[in-house]
Amino acid sequence: MFPVLDAVLERARRQGAVDVEVFGERSTSRRIKVFRQEVEQLTAARRRGVGLRVFRDGAVGHAYTSDLSEDALDDLVRRALDNVAVSDTDEYMALPRPRGEPADVRPYDSRLAAATDAERIAVALEVEAAALAADRRVKLVEDTLYADGDGEVFIVSTAGVRRSYRAGQCYAFAYVLAEEGGQVETGYSYGVGRALEDLDPRAVGAEAAGRAARLLGARKCPSMRAPVILDPFVSAAFFGVLSSALTADAVQKGRSLFAGREGERVAGDLLELVDDGTLPDGPDSAPFDGEGVPSARTPLIAGGVLQGFLHDTYTARKAGLASTGNGMRGGYSGLPRVSPSNLVVAGPTTPLDEIVAGVEKGVLVTDAVGIHSGANPVSGEFSVGISGILIEDGEFTTPVREVTLAGDIVGMLTGVRALGDDARWVPAGSIHTPSVVIDGMTVGGT
Amino acid sequence: MDVESFDTALLRTTIGRALRRGGDFAEVFVEDRESLGLRLEDGRIEQTSGGRESGAAVRLLAGERTYYAYSDAVDEAGLTAAADAVAAAVSSGADGVSIVDLGAVFSAPEKHPVLTPPAEVGAADKAALVRAGDEAARSVSGEIVQAVIGYGDTRQRVLIANSLGDLVYDDRTRTRFTAQVVARRGDVIQTGHEAVGGSAGLELVDEEGARGVARTAADKARTMLDSRPAPVGAMPVVLGNGFGGTLFHEACGHGLEADAVAKGASIYAGKMGAVVAAPIVSAYDEGSITNGWGSQAFDDEGVPTQKTLVIEEGRLAGYLYDRLRAREAGAAPTGNGRRQSYRHIPIPRMTTTYIAPGRSTPEEIIAATRRGFYAKSLAGGQVEPASGNFVFGVAEGYLIEDGKITAPLRGATLVGNGIDILMKIDMIAGDFEVKTGICGKDGQGVPVGTGQATLRIAEMTVGGTG
């Protein structure tokens, strides 16, 4: 796409623009849903488009188009110039001038492009079959999904940037309903990889089924203040919400509870939290971000102490720092915004069964609903509905549901006292985390 | 690209090409969308972004199977490639249905009149709206520390042609103005949110209107600074008008969508005519409300939108259908086949869904509640359609003591089950109001209205931190 991007750059220059950045994207993707061992939906997609940012005296104007005809490119430049005229100025807003070479990561496996639709369908069918076979109480697999995307990203700018990379990803997902005695419980699981060969369809189906079935018979439990174990899916959901407060954007705009707390203890002293866009197996790894800035490894919490925040070019200039390569774009029509690449929760681990054996009374949380609506990333307070398994005298006893888990984010982080040995990638948000043990949580039941 | 003058011969050829190896329904969806968005934060308009996206999708149905292909290239090559992709996916190899001429042309430009088309108003005037909002929010109190003011407009022109011979043109303009305000006192930080939106132009909001929206959001945030942690436990819950309707949308509405019903993944499956709510409850989905945010003349399958009775005096009366699920069930489509864009398969979606107003007044309802929780405004929530279990965050909540609204409460969530709470509704007021939102399902966001009058649920679990 470099010729189209160059043409846009040239047109913008002819209209008097000096600082110009053009972002291009083209991709193909597949999405397959199966239901009762039949293909229910198959979607084949091609997309491409161009986004243009024009910077002038600290203001920025953005425009995008999917139409790459001559007239449409003229229209694109006109819109960006109109928009820069309306935006307010800010001394820190300027064209990115990335330093350093792109990170040495190749998020692409050519086997993905060689896959046929028949092979993709076979993956989805196997996921569903495994879920149905895993437990006789599985009533149905409501959603079984295989999806992949194969795309290229291009950036050119008047700062001399001229970069591109190709990325591919595929995943499988199952959402299972199990039923017994009129009670329905649900469970889900994912697998993620760069090619079909990386996926283990049977494991995805069986795990989703197991997670639903183990909640059958669940009921409310008494209210208590007790340790809880968040399993990797639930932990990932919490860290996903928390990560927005670790962006410099939130800090600079007064929306983060972590503002001004660098160097302070904010979590249990064994907790490490790192953003790393360079991991070979990271689902969201890439050589550079949506502004052409090389991806990096950025420690956020180390030994329980807050290390710093994620930056794009703008927030870094404002803070007098360098961008951490976290100016992420959702696509050609979106502006870069500060967000994590791959988040990794790490630290010394303990075998999960040892952890459970040491809990006198507590809850293993396997599902939480309302994290995105029930957790306030500004104040850090949250109250969410959870399902899971009660732990009594070091053993799993009865499943629980319709209970709430409440607290505040900092209190929860400080309460982290152990990490399980079951770390894995959770593709929603691209987070690698083990089970996390937290002391002194408020569980609201009967 | 101009949707109105799109080559109908190419549409007909594409439909035929899609059907050549099998299938019983084919459709071409062509879209041209222009958008503009402004976002003010920290007192600055920091983002002004706009653009034009066009694309085309070909959909093929074969029994209960759906094959879908789309391309950002709206030309003969793009449509041919899409038609070939869906045809290649059909395994039957049998000839598809023969297609009829594209004879019946439908459009309804007068349904949602646009008085001031956004394209005819300069970006500077739109910028003035968000600046007025920022100024109004900050003038509410010195404790207002942040305001995020947003303005957005879109004009989406679509063309839908199918093998039934329908050719539908729809021209949809939507405008929305939003305010999210943060108030701070010491370590306590609270937020307030308000929005207006409609299938309308700039007549929807002028500078005074913008100030009003921003002030409402600022008042919410400031009020919540005085809040104390909400109690935990079961108690009567009074849901406020407008935003309170989100609860019905999430906890019940999604279970009425015919895809969840057909899969047996809804608590409402197989319950037509059965009692699913208290007798004072009737509810509708109405995609045809004039200028409504969730309204359009036709759905994204070219079916005219309508008012659908879903609960009649406590009994289940209707589901929300797209074409596919209506065919399966032998029912008529209800104008609920919606898609976010040409990149998305149409599925059954709500438009504006609401519990019909009742005969009480909000004052009577509060006065009749000795001790309870008043959820004036909800923050959104999640629901499992299979069980109907839900959790909702409360954005603005108060304690009710001795029939009076007293202390503001923070950090509350409402936990319950969809059928259970509908059965427990025991009072409904007449102060009906509709609020605007974006509803997400299967990775697709579509504009929806949620509404209701003030109502009371006799008992519900409140999860708080106090």
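For the structure itself, look to the data block above.
Residues numbered from 1 in each chain as written. Chains lettered and ligands numbered in written order. Predicted model: local features only at pLDDT ≥ 70, side-chain atom pairs only at ≥ 80, totals over all residues.

Another aspect to go through is the overall build of chain A. From N to C terminus, chain A includes 11 helices and 20 strands. By the compact-globule yardstick of 22 Å for 446 residues, chain A fits well, its C-alpha radius of gyration being 24 Å. With the C-alpha coordinates of chain A rotated into their principal frame, the extents come out at 75 × 55 × 35 Å. Within the span of chain A, comprising 446 residues, buried residues form 58% of the whole. A separation of at least 24 residues holds for 71% of the contacts in chain A among residues at least 6 apart in sequence. (Helix = DSSP H or I, 4+ residues; strand = E, 2+ residues; numbered from the N terminus. Rg over C-alpha atoms; globule rule 2.2 N^0.38 Å. Buried ≥ 20, exposed ≤ 12 C-beta atoms within 10 Å, placed from the backbone. Contact = placed C-beta atoms within 7 Å.)

A count of helical and extended segments in chain B gives 9 helices and 23 strands. Here the C-alpha atoms of chain B give a radius of gyration of 24 Å, agreeing with the 23 Å that 2.2 N^0.38 yields for 466 residues. Principal-axis analysis of the C-alpha atoms places the extent of chain B at approximately 70 × 55 × 35 Å. When each of the 466 residues of chain B is scored for burial, the buried share is 62%. Put simply, of all contacts in chain B between residues at least 6 apart along the chain, 75% involve residues at least 24 apart.

This next bit is on the interface of chain B and chain A. The partner chain A presents 56 residues to the 60 residues of chain B that form the contact. Looking at the side of chain B that touches chain A element by element, the count peaks at 12 residues for strand β2 (residues 44–62) of chain B. Considering only residue class, the side of chain B that touches chain A consists of 23 nonpolar, 24 polar and 13 charged. Sheet topology places strand β3 (residues 59–65) of chain A next to β2 of chain B; 4 bridges connect them, and they run parallel. Considered in β2 of chain B, the bridge of T65 of chain A is made with R52 of chain B. (Nonpolar A, V, L, I, M, F, W, Y, C, P; charged D, E, K, R; others polar. Pairing = 2+ DSSP bridges.)

What follows concerns unusual backbone geometry. Residues and elements named next belong to chain A. If you check the backbone angles, D393 has positive phi at about 50° while not being a glycine. Of note, D393 is situated in the loop between β15 (381–392) and β16 (395–408). Look at D393 and you get exposed, because 9 C-beta atoms sit within 10 Å. One non-glycine residue, E402, adopts positive backbone phi at about 55°. Summarising the element assignment, E402 is placed in strand β16. Overall, the presence of 22 C-beta atoms within 10 Å leaves E402 in the buried class.

Take the environment of R370 of chain B next. Residue and element names in this part refer to chain B. Locating R370 in the fold gives a position in the loop between α8 (362–367) and β16 (371–383). When the C-alpha atoms of R370 and A407 are compared, they prove to be 14 Å apart, with 37 residues separating the residues in sequence. If we skip the residues at most four places from it in the chain, R370 touches D402 and G403.

It is worth spelling out the pairing of β15 of chain A at this point. Residue and element names in this part refer to chain A. The element β15 is extensively covered by neighbouring structure, given that 11 of its 12 residues are classed as buried. Relative to β15, strand β14 (residues 361–369) runs antiparallel, the two being bridged by 8 bridges. Within β15, the residue paired with D367 across the bridge is S387. Pairing geometry for β15 and β16, over 10 bridges, is antiparallel. Looking across to β16, one finds that I386 is bridged to V403.

So, on to helix α5 (residues 201–213) of chain A. All names here are of chain A. Between the first and last C-alpha of α5 there are 18 Å, a value that for 13 residues agrees with the 18 Å anticipated at 1.5 Å per step. Here α5 has its buried residues at P201, V204, G205, A206, E207, A208, A209, R211, A212 and A213. Those residues of α5 hidden inside the fold are in contact with α4 (117–134), β4 (138–157), β5 (162–180), β6 (183–193) and β14. (Expected span 1.5 Å × (residues − 1).)

One can describe the packing of helix α2 (residues 70–86) of chain A onto helix α3 (residues 123–140) of chain B by two numbers: an axis separation of 10 Å at closest approach and a directional angle of 40°. Read as a crossing pair, α2 of chain A and α3 of chain B show a hand that is right-handed. Contacts between α2 of chain A and α3 of chain B involve D82, N83 and V86 of chain A from the former and A123, A124 and A127 of chain B from the latter. Tallied by class, residues from the contact of α2 of chain A with α3 of chain B come to 4 nonpolar, 1 polar and 1 charged. (Axes fitted to C-alpha atoms, helices over the stretch in contact; angles between N-to-C directions. Left-handed = near helix turned anticlockwise from the far one by under 90°.)

Residue and element names in this part refer to chain A. Strand order in the open sheet formed by 6 strands is β10-β9-β8-β13-β19-β18, with mixed pairing between adjacent strands. Single-partner strands in this sheet number two, and they are β10 (305–306) and β18 (424–426). Against the sheet, helix α6 (residues 232–243) contacts β13 (343–346), β18 and β19 (431–433), and its axis sits at roughly 130° relative to β19.

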